[in-house]
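Each chain, letter by letter, is given below.
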Amino acid sequence: MSVMPEMLPGEVFVDGLIHAESSLGHAVFSPDRLHRYELERYVEPSDAPVFITIVMVNPSTACAFKNDQTIGGLIMRLRCWRERGITQATAFRVVNLFSLRSSTPDALYEAVPCDRGADARNDEFIINACTRPGMVIAAWGEHGALGDRGRNVVAMLLGRGVTLYALKLTKSGSPSHPHARGKARIPDDVEPFVWRTP
């Protein structure tokens with residue numbers, strides 16, 4: 001039996017997980033809050049949100065009540081896409097190859113493999129998010145090579161008929177993170193394209 005963690009306003013404990021809801025969106029966490037399995041953001045008001053799903057490396061500090069730099073950037077990107085007619089989506093959903101929360105991917109390499117969150121529970125959230133209606137954008141950069149996780153998730157999704165999109169590819173052919181910096185930076189108006197996976 002799961003022990004009930006301390007709940008904050010806007011949170012409920014369901015099926016052993018913390019579900020948090022606010023006007024910004026929704027998030028699902030492990031009871032110890034070390035892992036985040038899903039995050040949703042409502043970019044434009046809508047009674048029936050239209051979602052894009054983005055699969056990145058691992059979650060940072062964003063929750064149902066606040067954004068981090070990556071999520072704030074995604075909000076601006078989706079608004080740009082809407083203004084340019086690239087999409088009609090009013091919201092986005094984020095899942096990750098690894099569910100372990102960290103402000104940088106460094107913690108993934110420092111953690112023992114079983115603590116990274118590349119497990120059946122996280123796979124369930126990835127599959128559920130990516131098989132719903134809407135575009136699915138792969139965006140994990142080079143870190144998908146860790147434990148061959150990116151390749152395994154691609155196989156898992158392609159096997160379920162999911163079409164994967166990307167914003168840009170790294171030199172090795174991995175789907176770039178949406179907020180890569182320097183020469184790898186991706187302008188907000190770049191349109192997603194179908195990723196012909198290796």
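See the structure shown above.
In what follows, the accompanying structure is described. (Residues numbered from 1 in each chain as written. Predicted model: local features only at pLDDT ≥ 70, side-chain atom pairs only at ≥ 80, totals over all residues. Heavy atoms only, no water.)

## Some points on the overall build of the protein
Here is the rule we go by: Secondary structure is summarised from DSSP: a helix means a run of H or I of at least four residues, a strand means a run of E of at least two, and numbering begins at the N terminus for each. Here the radius of gyration uses the C-alpha set of atoms, whereas the globule reference equals 2.2 Å times the residue count to the power 0.38. Each accessible area is a Shrake-Rupley result for a 1.4 Å probe, and residues are judged covered by the shown protein chains and nothing else.
Helix and strand counts for the protein come out as 4 helices and 9 strands. Going residue by residue from the N terminus, the α and β elements of the protein occur as β-β-β-β-β-α-β-α-α-β-α-β-β. Taken over the C-alpha trace, the protein has a radius of gyration of 16 Å; the compact-globule value for 198 residues is 16 Å, and the two agree within 12%. Along the longest, intermediate and shortest principal axes, the C-alpha atoms of the protein span 45 × 40 × 35 Å. As presented, the protein carries roughly 10000 Å² of accessible surface, and 53% of it is formed by carbon and sulfur atoms.

## Overview of the side chain of Arg36
The line we're drawing: Relative accessibility thresholds used throughout: buried, under 20% of the residue-type maximum; exposed, over 50%; partly exposed, between the two (1.4 Å probe, protein chains only). This count recognises Lys and Arg as positive and Asp and Glu as negative, with His and chain-terminal groups excluded. Note on definitions: salt bridges are taken to be side-chain nitrogens of Lys or Arg within 4 Å of carboxyl oxygens of Asp or Glu. Any pair of nitrogen or oxygen atoms within 3.5 Å is treated as a polar contact; in protein, a donor-acceptor pairing is required on top of that, and neighbouring residues in sequence qualify only through side-chain atoms on both sides. Should any heavy atoms of two residues lie within 4.5 Å, those residues are considered in contact.
Positionally, Arg36 belongs in strand β4 (residues 36-42). Buried within the structure, Arg36 lacks any salt-bridge partner; its nearest side chain of opposite charge belongs to Asp68, at an N-O separation of 4.8 Å. At a separation of 3.1 Å, a polar atom in the side chain of Arg36 contacts the main-chain carbonyl oxygen of Ala62. With residues near it in sequence (within four places) discarded, Arg36 still touches Val28, Phe29, Pro59, Ser60, Ala62, Val94, Asn96, Ser99 and Arg101.

## Regarding the packing of helix α3 (residues 120-130) against helix α4 (residues 149-158)
Spelled out, the test is: Between N-to-C directions, angles cover 0 to 180 degrees, with each direction set by a line fitted to C-alpha atoms, over the stretch in contact for helices. Oblique is the label for every angle not falling under 35 degrees (roughly parallel), over 145 degrees (roughly antiparallel), or within 65 to 115 degrees (roughly perpendicular). In this scheme, a crossing is called left-handed if the near helix is turned counterclockwise away from the far one by less than a right angle; it is called right-handed if the turn is clockwise.
Remark: α3 packs on α4, axes separated minimally by 11 Å, with the N-to-C direction vectors making an angle of 50 degrees. If you check the angle between α3 and α4, you find them oblique. In this structure, α3 meets α4 at a crossing whose hand is right-handed. Of α4, the residues touching α3 (which contributes Asn122, Asp123, Ile126, Ile127 and Cys130) are Arg149, Val153, Met156 and Leu157.

## Observations regarding the pattern of salt bridges
Across all of its chains, the model carries 9 salt bridges by this definition. Here Glu40 ties to Arg93 by a salt bridge, and the two come within 3.0 Å at their closest N and O atoms. With Glu40 in strand β4 and Arg93 in strand β6 (residues 91-96), this pair connects stretches of sequence that are 53 residues apart. The exposure class of Arg93 is buried, given its relative accessible area of 3%. When the shortest N-O distance is used, the salt bridge between Arg151 and Asp148 registers 3.4 Å. Three or more residues joined by partner-sharing salt bridges are found here, namely Glu38, Glu40, Arg93 and Arg132.

## Description of the pairing of β6
Our working rule: A strand pair is defined by DSSP finding two or more bridges across the two strands. Consider the strands pointing away from the viewer: the crossover is right-handed when the path from the first strand over the helix to the second runs clockwise.
Of all the 6 residues making up β6, 6 are buried; the element is thus mostly covered by neighbouring parts of the structure. The alternating pattern of β6 places Ala91, Arg93 and Val95 and Phe92, Val94 and Asn96 on opposite faces, both of which are buried. Judged from the 4 bridges that link them, β4 and β6 form a sheet pairing that is antiparallel. For Glu40, the partnering residue across the bridge sits in β6 and is Arg93. Sheet analysis places strand β5 (residues 51-56) next to β6, joined by 6 bridges and oriented parallel. Among the inter-strand pairings, Ile52 is bridged to a residue of β6, identified as Phe92. Between β5 and its parallel partner β6, the chain crosses via helix α1 (residues 69-83), and the hand of that crossover is right-handed.

## Some remarks on the sheet that holds strand β1 (residues 11-14)
Strands pair in a sheet through their backbones, by hydrogen bonds, and they do so in one of two ways: parallel or antiparallel. Strand order in the open sheet formed by 9 strands is β1-β2-β3-β4-β6-β5-β7-β8-β9, and the pairing between neighbours is mixed. Both outer strands of the open sheet, β1 and β9 (193-194), are each paired with one neighbouring strand and no more.

## Digging into the environment of Cys130
With respect to the helices and strands, Cys130 occurs in helix α3. Look at Cys130 and you get buried, because its relative accessible area is 3%. Cys130 sits 105 residues away from Gly25 along the chain, and the two C-alpha atoms are 18 Å apart. Sequence-distant contacts of Cys130, defined by excluding residues within four places in its chain, comprise Thr53, Val55, Val95, Val136, Leu157 and Val162.

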